[in-house]
Amino acid sequence: MTPDIVIIGSGIGGASVAAGLASTGARIVILEAGGHIPDQPENRDQRAIFQRGHFRPKEQWHEVGGGPFNPGNYYNVGGNSKFYGAVLYRYRREDFLEMQHLEGVSPAWPFSYEEFEPWYGKAEALYQVRGSLGDDPTEPVHSAPYPYPPVPDEPSISAVKARLKARGLHPSPLPLGIDIDRWMAKAPTPWDAHPNSDDGKMDAESTALAAALSYSNVTLVTHARVNLLETGTDGKAIAAVVYERDGAEVRLTPQLVVLAAGAVQSAALLLRSASGRHSGGLGNSSDQVGRNFMNHNSSAVLAFSPSYRNSSVYQKTFGINDYYLSDGAGGPPLGNIQLLGRVSGTILKANLPQVPEWLLGRISAHAIDFYTITEDLPHPESRVMVEGERIVLKWTRTNWKSHELLVKRLKADLRAAGFPLVLSRSFDKRTPSHQCGTVRIGTDPASAPLDPFSRSFDHPNLFVTDASCLPTSAAVNPALTIAAQALRVADHITRTELAA
Ligand SMILES: Cc1cc2nc3c(=O)[nH]c(=O)nc-3n(C[C@H](O)[C@H](O)[C@H](O)COP(=O)(O)OP(=O)(O)OC[C@H]3O[C@@H](n4cnc5c(N)ncnc54)[C@H](O)[C@@H]3O)c2cc1C
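In this report, we go over the structure that sits alongside the text. A quick note: this is a predicted structure, and the numbers were derived from the prediction, not measured.

Cut-off values and rules
Residues numbered from 1 in each chain as written. Predicted model: local features only at pLDDT ≥ 70, side-chain atom pairs only at ≥ 80, totals over all residues. Heavy atoms only, no water. Helix = DSSP H or I, 4+ residues; strand = E, 2+ residues; numbered from the N terminus. Rg over C-alpha atoms; globule rule 2.2 N^0.38 Å. Buried < 20%, exposed > 50% of the residue type's maximum accessible area, 1.4 Å probe, protein only. Contact = heavy atoms within 4.5 Å. Areas by Shrake-Rupley, 256 points an atom, 1.4 Å probe, with all protein chains shown as cover. Lys, Arg positive; Asp, Glu negative; His and termini not counted. Charge placed at Lys NZ, Arg CZ, Asp CG, Glu CD. Pairing = 2+ DSSP bridges. Axes fitted to C-alpha atoms, helices over the stretch in contact; angles between N-to-C directions. Salt bridge = Lys/Arg side-chain N within 4 Å of Asp/Glu carboxyl O. Core = buried A, V, L, I, M, F, W, Y, C linked by side-chain atoms within 4.5 Å. 1 Å grid on protein atoms, 1.4 Å probe; cavity = no way out; pocket = protein on both sides within 12 Å on 5 of 7 lines; lining within 4 Å. Points joined across faces, edges and corners; volume = space filled by probe spheres on them. Nonpolar A, V, L, I, M, F, W, Y, C, P; charged D, E, K, R; others polar.

## Brief notes about the overall build of the protein chain
Now for step 1: Each helix and strand in the protein chain was counted, giving 11 helices and 20 strands.
Now for step 2: Here the C-alpha radius of gyration of the protein chain, 22 Å, is about what a compact globule of 500 residues would show, namely 23 Å.
Now for step 3: Dimensions of the protein chain along its principal axes, counting C-alpha atoms only, are 70 × 50 × 50 Å.
Now for step 4: Here the protein chain holds 500 residues, and 60% of them are scored as buried.
Now for step 5: Within the protein chain, counting contacts between residues at least 6 apart in sequence, those at least 24 apart form 72% of the total.
Now for step 6: For the protein chain, the exposed area adds up to about 18500 Å²; of that, 52% sits on carbon and sulfur atoms.
Now for step 7: Mean positive and mean negative side-chain charge positions of the protein chain (47 and 51 charges, respectively) differ by 6 Å.

Rendered as structure tokens:
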């Protein structure tokens, strides 16, 4: 059977576009490189996850002219969302406009927040987001309330929230895709970085993919790694998708191809599919495929006080956007602050192997942990490249000073809120969790590979709906924006390609 549509990847971008297309009746095949994450003890075992790297693929990417490194990028049904913190923020209205930062400009999107807003609402419904409106001064207008009330703060978290409010900050509930009762019923652990096996985390597999697969015209093929896209004789349409399964090569010749292998792998696949006619890779007449790689500037911040006792299990329930649009004193934007999933002694041990775990456990009992995010700006020399089978990543960080200022602000706030010791540690290229931008949307084919509906300017039957298509990274977690754009693209495909 020749499918009408092949979707490559079952992460947020692939599963969400599948959910949007399923009811059209089109024959859809989803090709996914990985398999299902089974229900197994390691899913909630912090030594397995953080100390032994049980789930971490053995893959290596390379630095330019440098050595290999092992990135935390996951290949399984549901993609990285199986491990995610399920924070499902909307980009702020201002993120769709040009924004001046301390060290550069974040360009405008090819459409406004208002135009995109209905798709955020649909994505929140699909991912069953828990949240509330009214506390966050940067929250853009919602045409409908969140589908579920927010996840409750645990008592030792409410206490810190109150201290920060007393400082004049506006901590507000994180929008979360988690059914906390179901998650805790399985085992009392945080969900951030812990894989979900249908335990109540609203990831790409448990929500969007499940919805898509409830239609008989949608099929998922696991352990199917796509190695090549080929164009037809005109060099325009993508004529074949070539994948490998159980050592055999399989070719599919669908009408439409939706690429959603993740921001690094999608760019790599297009670049590897170079041919005589497309020597710089497919979809790349702009020479932008693989460029503008972004990955948030982010740090973990741990605040310690001997008199504070953190009895929380999951912790991750509030965020702070007081420094999002400005530094709080009329200066440039700094970014978002949100709680991390509770950091235990077992998790700390993975980063501090020389310190006894019992001691780290004592420290963590008196600490609270935050995650700070600052926008990384698009830069043409921040690139994903391929050398044969190798992926070469040249991450040219931007806007780092703003991030240092954000961390400094938070540290000052936490000290003033009664935490005398506040430590921070930044994340580097080994944590490419918020990768995006490598096959971006835009209105000008000279500077973007995709049009505003994620369609390739060069290949009209090719769409890209994973994090690659985001033209800016903003300073909030990307998944809801990826899902909203994928749903919008599915609607566009339905209207322009599948209408009878
Ligand atoms: C620990 C962690 C915590 C995070 N927390 C949050 C959070 O709280 N909120 C948030 O918004 N974001 C979070 N993120 C980021 C979020 O998970 C990603 O932005 C999002 O899942 C990316 O979706 P995607 O569709 O772009 O790509 P992916 O999730 O990478 O999906 C791509 C899929 O394609 C498959 N694939 C790759 N190559 C091929 C190929 N050649 N052939 C076939 N299939 C292929 C992969 O196996 C994968 O399933 C987190 C990420 C991590 C790792």
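## What about helix α1 (residues 12-21)?
Helical periodicity: at 3.6 residues per turn, an α-helix aligns residues three or four positions apart in one direction.
Now for step 1: Judged by how many residues are buried, α1 sits mostly within the fold: nine of 10 residues are covered.
Now for step 2: Among the residues of α1, I12, G13, G14, A15, S16, V17, A18, A19 and L21 are the ones counted as buried.
Now for step 3: Contacts from the buried residues of α1 go to β1 (5-8), β2 (28-31), α3 (113-126), α6 (205-213), β12 (256-259) and α11 (479-496).

## Focus on the pairing of strand β11 (residues 248-252)
Working note: regular strand, side chains alternate between the two faces of the sheet.
Now for step 1: Relative to β11, strand β10 (residues 238-245) is paired through five bridges, and the arrangement is antiparallel. In the sheet register, V242 faces β11, and the bridge partner there is R251.
Now for step 2: The hairpin turn running from β10 into β11, its antiparallel successor, is two residues long, and D246 in that turn takes a positive phi close to 50°.

## With respect to the sheet that holds β10
Now for step 1: Spatially, β9-β10-β11 is the arrangement adopted by the three strands of the open sheet, whose pairing is antiparallel. Lying at the two open borders of the sheet, with one neighbouring strand each, are β9 (225-231) and β11. Taking each pair of neighbouring strands and ignoring which way they run, the sheet shows an average axis angle of 25°.
Now for step 2: Note: β9 against β10, six bridges, orientation antiparallel. If you follow L229 over to β10, its bridge partner there is V241.

## Quick notes on the pattern of salt bridges
Now for step 1: Throughout the structure, instances matching the rule amount to 25 salt bridges.
Now for step 2: A salt bridge links D136 to R92; the shortest N-O distance between them is 3.0 Å. Separated by 44 residues along the polypeptide, D136 in the loop between α3 and α4 (155-166) and R92 in the loop between β4 (68-69) and β5 (99-101) bring together distant segments of the chain. The two residues D136 and R92 agree in class, both being buried.
Now for step 3: Between R455 and E497 there is a salt bridge whose closest N-O contact spans 2.9 Å. Linking R455 in the loop between β19 (421-426) and β20 (462-464) with E497 in the segment after α11, this pair joins segments that are 42 residues apart in sequence.
Now for step 4: The exposure class of E497 is partly exposed, given its relative accessible area of 28%.

## As for the nonpolar core
Now for step 1: Counting 114 residues, the largest nonpolar core has I8, L31, Y127 and L229 as its most contacted members.
Now for step 2: Looking at this core, the element that brings in the most residues is α11, giving 10 residues.
Now for step 3: Once residues within four sequence positions are removed from consideration, I8 is found in contact with L31, V226, L229, V241, V257, V258, L259, A260, A261 and L269.
Now for step 4: Of all hydrophobic cores here, the second largest spans 22 residues; its members include V160, L169, F370 and F419.

## Comments concerning empty space enclosed by the protein
Now for step 1: All chains considered together, the criterion is met by three cavities of 30 Å³ or more.
Now for step 2: Of the volumes computed, that of the largest cavity is approximately 60 Å³.
Now for step 3: Lining of the largest cavity is provided by Y89, S132, L133, G134, D135, D136, E139, Y146, S172, P173 and P175.
Now for step 4: Per-class residue counts for the lining of the largest cavity are five nonpolar, three polar and three charged.

## Considering unusual backbone geometry
Now for step 1: Even without glycine at this site, D287 takes up a positive phi of about 60°.
Now for step 2: With respect to the element layout, D287 can be found in the loop between α7 (263-272) and β13 (297-304).
Now for step 3: Take D287: its relative accessible area is 39%, and that puts it in the partly exposed class.
Now for step 4: The phi dihedral of N292 is positive, around 60°, even though this residue is not glycine.
Now for step 5: Along the polypeptide, N292 turns up in the loop between α7 and β13.

## Focus on the layout of surface pockets
Now for step 1: What the second largest pocket holds in volume is close to 200 Å³.
Now for step 2: Taken together, 13 residues line the second largest pocket, and the ones lying closest to its centre are I37, H54, F55, Y75 and N76.
Now for step 3: Taken together, the residues of the lining of the second largest pocket break down into seven nonpolar, five polar and one charged.

## Things to note about the sheet that holds β12
Now for step 1: With respect to topology, five strands assemble into an open sheet ordered β8-β2-β1-β12-β20, the strand pairing being parallel. Of all the strands in the sheet, just β8 (218-221) and β20 have a single pairing partner and so form its edges. Each adjacent strand pair in this sheet contributes to an overall mean axis angle of 20°, direction not counted.
Now for step 2: Sheet topology note: the β1/β2 ladder contains four bridges and is parallel. Bridging from a neighbouring strand, I7 pairs with I30 of β2.
Now for step 3: The sheet strands contacting α6 are β2 and β8, and the helix crosses β8 at an angle near 125°.

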